[in-house]
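Take a look at the letters that make up each chain.
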Amino acid sequence: MSHETTSDFTPDRDRVADSDAAVPVIDIAPFSNGGTAGRQIVFEAVKHACEHVGFFVITGHGVPN
């Protein structure tokens, strides 16, 4: 898989991580057991975290600590 890159990449200022953003903790359990509404809630939370913070912590995944 090849991706074309350019050396003149300038990040979109609206999509750069918020400097005062906290790392969001997202419970993904509703994705599996919340139906369409639950999936949409998780999707929106992950989307927002990726676009505004750059990463996130997940809970509700069923993997023991």
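For the structure, see preceding data.
Let me sum up the structure you'll find in this document. (Residues numbered from 1 in each chain as written. Predicted model: local features only at pLDDT ≥ 70, side-chain atom pairs only at ≥ 80, totals over all residues. Heavy atoms only, no water.)

### Focus on helix 2 (residues 35-52)
Argument step 1. With 18 residues, helix 2 should cover 26 Å at 1.5 Å per step; its first-to-last C-alpha distance of 26 Å lies within 8% of that length.
Argument step 2. Residues of helix 2 that are buried: G38, V42 and A49. Projected down its long axis, helix 2 carries its buried residues within an arc of 30 degrees, all on one side. Turned more than 90 degrees away from the buried face of helix 2 sit T36 and A37, all of them exposed. (Helix = DSSP H or I, 4+ residues; strand = E, 2+ residues; numbered from the N terminus. Expected span 1.5 Å × (residues − 1). Buried < 20%, exposed > 50% of the residue type's maximum accessible area, 1.4 Å probe, protein only. Arc of directions from axis to C-beta.)

### Here's the deal with the pattern of salt bridges
Argument step 1. Going through the model one piece at a time under the given rule, you end up with 1 salt bridge.
Argument step 2. E51 is the salt-bridge partner of K47, the closest N and O atoms lying 3.7 Å from each other. You can see K47 and its partner E51 sitting in helix 2, 4 residues apart, about one turn around the helix. (Salt bridge = Lys/Arg side-chain N within 4 Å of Asp/Glu carboxyl O.)

### Details of the environment of V46
Argument step 1. Along the chain, the position of V46 falls in helix 2.
Argument step 2. Separated by 12 residues in the primary sequence, V46 and I58 have C-alpha atoms spaced 9.4 Å apart.
Argument step 3. Not counting chain neighbours up to four residues away, the residues in contact with V46 comprise I26 and F56. (Contact = heavy atoms within 4.5 Å.)

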